[in-house]
Amino acid sequence: MLHVPLWALQRRGTCGGGCFVVFCFFLLWSLQYFIFSPSTPRLQNQPPRHYGITSAISLAPPKDIDSIHTQKLLEAMKACGVFEDEEELNHRLVVLGRLNNLVKEWISELGESKNFPPSAVANVGGKIFTFGSYRLGVHTKGADIDVACVAPRHVERSDFFQSFFEKLKRQEEIKKLRAVEDAYVPVIKFEFDGIEIDLVFARLSVPTVADNLDLRDNSCLRSLDIRCIRSLNGCRVTDEILHLVPNKENFRLTLRAIKLWAKRRGIYSSVLGFLGGVSCAVLVARTCQLYPNALASTLVNKFFLVFSGWEWPKPVLLKQQEESNLNLPVWDPRVNPSDRYHVMPIITPAYPQQNSTYNVSTSTRAVMVEEFKHGLAVTNEILQGKSDWSKLFEPLNFFQKYKHYIVLTASASTEEHHLEWVGLVESKIRVLVGNLERNEFISIAHVTPQSFPGSRDLCKQSGYVSMWFLGIAFRKVENAERVNVDLTCVIQSFNDTVYSQANNLSVLKEDMKIEAAHVKRKHLHYFLPAETLPKRKKQSMPGTSQNASGLQRKRTSSGGSCLDSSRDRESRTPDNSSSLRKISKVDTSTAERERKREDLILQFTTVERKEGSPRHRSQRVGLLDFREIVAEGMAPPQRILFPPEKIYMDWQQRCRAGAGLHNSGNMCFINAVLQCLTYTPPLANYLLSLEHSRSC
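Conventions used here
Residues numbered from 1 in each chain as written. Predicted model: local features only at pLDDT ≥ 70, side-chain atom pairs only at ≥ 80, totals over all residues. Heavy atoms only, no water. Helix = DSSP H or I, 4+ residues; strand = E, 2+ residues; numbered from the N terminus. Contact = heavy atoms within 4.5 Å. Areas by Shrake-Rupley, 256 points an atom, 1.4 Å probe, with all protein chains shown as cover. Axes fitted to C-alpha atoms, helices over the stretch in contact; angles between N-to-C directions. Parallel < 35°, antiparallel > 145°, perpendicular 65-115°, else oblique. Left-handed = near helix turned anticlockwise from the far one by under 90°. Nonpolar A, V, L, I, M, F, W, Y, C, P; charged D, E, K, R; others polar. Patch = residues over 30% accessible without salt bridge, like charges linked within 9 Å, V, L, I, M, F, W, Y side chains within 5 Å. Salt bridge = Lys/Arg side-chain N within 4 Å of Asp/Glu carboxyl O. Buried < 20%, exposed > 50% of the residue type's maximum accessible area, 1.4 Å probe, protein only. Phe/Tyr/Trp six-rings, centres within 6.5 Å; stacked < 30°, edge-to-face > 60°. Pairing = 2+ DSSP bridges. Core = buried A, V, L, I, M, F, W, Y, C linked by side-chain atoms within 4.5 Å. pLDDT = per-residue confidence, 0-100. Disulfide = S-S within 2.5 Å.

Caption draft 1: Representation of the overall build of the protein chain within the structure. Helix and strand counts for the protein chain come out as 22 helices and 13 strands. A sequence separation of at least 24 residues applies to 72% of the contacts in the protein chain between residues at least 6 apart. Surface accessibility of the protein chain: about 36,100 Å² in total, with carbon and sulfur atoms responsible for 53%.

Below is the structure:
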């Protein structure tokens, strides 16, 4: 505040001049008081005009009822066990402190081994930075911690994966240590005194790493390789998000609620094309920017309001994209053609800006938008006093939502191989989802993020087993009684992709297998325990549509899948299958009865009834309608040497004509027969599928 001495007001002798001086000083004192005083309530409590790239939708302060709703939300989340107690929080701090000391010791030892002078060794520094849910302050009980090891320029990446890995191996408190050096972001995973740690590495182009290093400064990215930039990106994004929200506590509580909701509703998995931790944080942060004074209960409701009506693929941005002379690749559909195909872009705020939801497909976006609308309906009821917050966190009844499912099974004989194999298969499931949704008859291919262990009998047969379930919904087809959907090529293409990737990474082992089978809803109990399959509710959830088409059985790992979209015939059509029996190993007598019934009626026909047609005729040339043969009055065969569902009468692959055969003696007739068979589609398709070579 400006202090005016009295003697300055008494220097002038005349009354007029003195009054003028007094008036000027009083005016100046008054103006600086109202402009610069930090205690002015009107200016202190008023937030800036806007956060982010647009002005706020509402600056309204919270009401008393909002505080009550927020308290009830907090209590509902505590009942779900998402908060850690003080002892667990302190234990995490102790573990991080010990890990930081290990990093400093290792960097110093490395400097000594490279003949650094003692004074330089003492000052090279190096430290760890947390990021992800722990850094945001929204980690749940038992969650892992994402950590970045930041080292000076004399430390190489090879040192991190060799000498530091060996140093970690010597620590008694560290268990389950493994390095994933070929990952998109190379990482060392381990368990430190009961706390799971994902440790990435970044080497800065500076001789020392100060303890007060600010990673938000773009200059720290200068002269770094792309893997180091990716490793630092997690820390930079996390810090930038916290910097861009108007109220961190409201943001944290809202984000905790949204993450819990997303996990319960089965839409939390970045790998499978749903929301991840970063994308959830960006969406919640944008909601906080639009309603900067709102409490968590209101923000949760506004989250669903904003994004249930969002005009995708319009991107979600927390700030204008910044330019830099570092020339790193950033998300920009004007420059990068591949960015134009992203269906749900949620852009990270730190340079270089990236799309955190590049794995999202049309199907997974449709599932998430449906859940946004469901969340809006539920939170509206809660704020109106018609329901409580526990309803928002009710799990999705995934196994009652669809009538048709594809079961994807990954197995290996050892636990180590299984852990490696499952990670690779899971990372490629989004490829299968993308291929399925491109089928003209499929509207939704919905995979649940949770994997399930195989049954006891299956584990005895195949070792360690994990299963994923994909719900399939069909489009309605006019003027057709049934439409057969052939997924043979889709499944085979997915298998080839996974095996090829595993082979390229040199991780493929002989005991690693993938199998896919189609099952109807009523047969899920062969794969899952009863407690996982809750009874169907009489009232359907808002916005949830049940597909009325029935699906006829199908098949499997090496071949493919063939789904029959038809009117529901579950009550009268026997549709168990060989692949179903192979995987589930159900009661022998029941399976045998089902097998005999299946031999009489095979359910893979593609039937489209034409007016005036005297008989039921298959319209898909590529599928053998075995039921027609039985209908001619012929007795069904007692034994089927080759399953009819694997026989395709049209070409599944396009190949050039091969060379002819040389006649040696009386070989002309047999050569002619062999060449004819070679160019017969059913046999050629079977040979080109390589199925025989896998078992012979």
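Caption draft 2: Region of interest: the packing of helix α9 (residues 248-264) against helix α10 (residues 277-290). Across the interface, α9 lies against α10 with an axial gap of 10 Å and an inter-helix angle of 135°. When the axes of α9 and α10 are compared, the pair comes out oblique. Classified by chirality, the crossing of α10 by α9 is right-handed. Counting all contacts with α9, which are made through Phe-251, Thr-254, Leu-255, Ile-258 and Lys-259, the residues of α10 involved are Cys-280, Ala-281, Val-284, Ala-285 and Cys-288. For the contact of α9 with α10, the class distribution of residues is eight nonpolar, one polar and one charged.

Caption draft 3: Spotlight on the packing of helix α14 (residues 415-437) against helix α16 (residues 488-504). Put simply, α14 and α16 touch, their axes get as near as 9 Å, and they point 145° apart. In this structure, α14 meets α16 at a crossing whose hand is right-handed. Residues Trp-421, Leu-424, Val-425, Lys-428, Ile-429, Leu-432, Asn-435 and Leu-436 of α14 form the contact with α16, whose participating residues are Val-490, Ile-491, Ser-493, Phe-494, Val-498, Tyr-499, Gln-501 and Ala-502. Here the residues of the contact of α14 with α16 sort into twelve nonpolar, three polar and one charged.

Caption draft 4: View of a nonpolar patch on the surface. Taken together, the side chains of Val-673, Leu-677, Leu-683 and Leu-687 make up a nonpolar region of the molecular surface, amounting to roughly 320 Å² of accessible area. Those elements giving two or more residues to the nonpolar patch turn out to be α20 (668-678) and α21 (681-688). Mapped onto the secondary structure, Leu-687 falls in helix α21. Note on Leu-687: relative accessible area 49%, which makes it partly exposed.

Caption draft 5: Fine view of the packing of aromatic side chains. All chains considered together, the criterion is met by 24 aromatic pairs. Seen from their ring centres, Phe-452 and Phe-469 are 5.7 Å apart, and the 80° between their planes marks the pair as edge-to-face. With a gap of 17 residues between them, Phe-452 in strand β8 (residues 452-453) and Phe-469 in strand β9 (residues 464-474) connect regions that are remote in the sequence. Each member of the pair, Phe-452 together with Phe-469, is buried.

Caption draft 6: Representation of the pattern of salt bridges within the structure. Under the counting rule described, the total for this entry stands at 20 salt bridges. Here Arg-265 ties to Glu-371 by a salt bridge, and the two come within 2.8 Å at their closest N and O atoms. You can see Arg-265 sitting in the loop between α9 and α10 and its partner Glu-371 sitting in helix α12 (residues 362-383), a full 106 residues away along the chain. Taken as a pair, Arg-265 and Glu-371 share a single burial class, namely buried. Lys-401 is the salt-bridge partner of Glu-370, the closest N and O atoms lying 3.2 Å from each other. With Glu-370 in helix α12 and Lys-401 in helix α13 (residues 398-401), this pair connects stretches of sequence that are 31 residues apart. As far as burial versus exposure is concerned, Glu-370 and Lys-401 are alike and both buried. Taken together, the salt bridges that share partners define one network made up of Arg-216, Glu-240, Lys-319 and Glu-322.

Caption draft 7: Region of interest: the sheet that holds strand β3 (residues 174-180). Reading across the sheet, the five strands line up as β1-β2-β5-β4-β3 and stay open at both edges, with mixed pairing between neighbours. Strands with a single pairing partner mark the edges of an open sheet, and in this sheet they are β1 (127-131) and β3. Between one strand and the next, the sheet's axes are offset by a mean angle of 25°, whatever the strand orientation. As judged from the five bridges shared by β3 and strand β4 (residues 187-192), these two strands associate in the antiparallel manner. Counterpart to Lys-175 in the pairing with β4 is Glu-191. The strands touched by helix α4 (residues 86-113) are β1, β2 (145-151), β4 and β5 (195-203); relative to β2, the strand with the most contacts, the crossing angle is about 25°.

Caption draft 8: The arrangement of the nonpolar core in detail. Phe-251, Trp-261, Leu-436 and Phe-469 are the most contacted members of the largest nonpolar core, which has 107 residues in total. Sequence-distant contacts of Phe-251, that is, excluding residues within four places in its chain, are made with Leu-136, Ile-241, Leu-242, Val-245, Ala-281, Val-284, Ala-285 and Cys-288. Formed by 29 residues, the second largest nonpolar core is a distinct cluster that contains Leu-96, Trp-106, Ile-128 and Ile-195.

Caption draft 9: Structural context of the pairing of β1. Counted residue by residue, β1 has five buried out of five residues, so it is predominantly covered. Of the two faces of β1, the one carrying Lys-127, Phe-129 and Phe-131 and the one carrying Ile-128 and Thr-130 are both buried. Inspection of the sheet shows β1 paired to β2 by five bridges, in the antiparallel sense. Considered in β2, the bridge of Ile-128 is made with Cys-149.

Caption draft 10: Structural view of the confidence of the model for the protein chain. With 73% of its residues at a pLDDT of 70 or more, the protein chain has an overall mean of 78. Confidence scores differ between elements of the protein chain, with strand β12 (residues 549-552) showing the lowest mean pLDDT of 34 and helix α11 (residues 296-308) the highest of 97. Low confidence marks residues 1-47, where pLDDT is under 50. Its contacts with residues over four positions away, or in another chain, come to 22 contacts. Long-range and interchain partners of residues 537-561, a stretch whose pLDDT sits below 50, account for 99 contacts in this model, where long-range means more than four residues apart.

Caption draft 11: Structural detail: the state of the cysteines. Taken as a whole and assessed by the stated rule, the structure comprises zero disulfides. The thiol of Cys-235 is unpaired, and the distance to the nearest cysteine sulfur, on Cys-220, comes to 9.6 Å.

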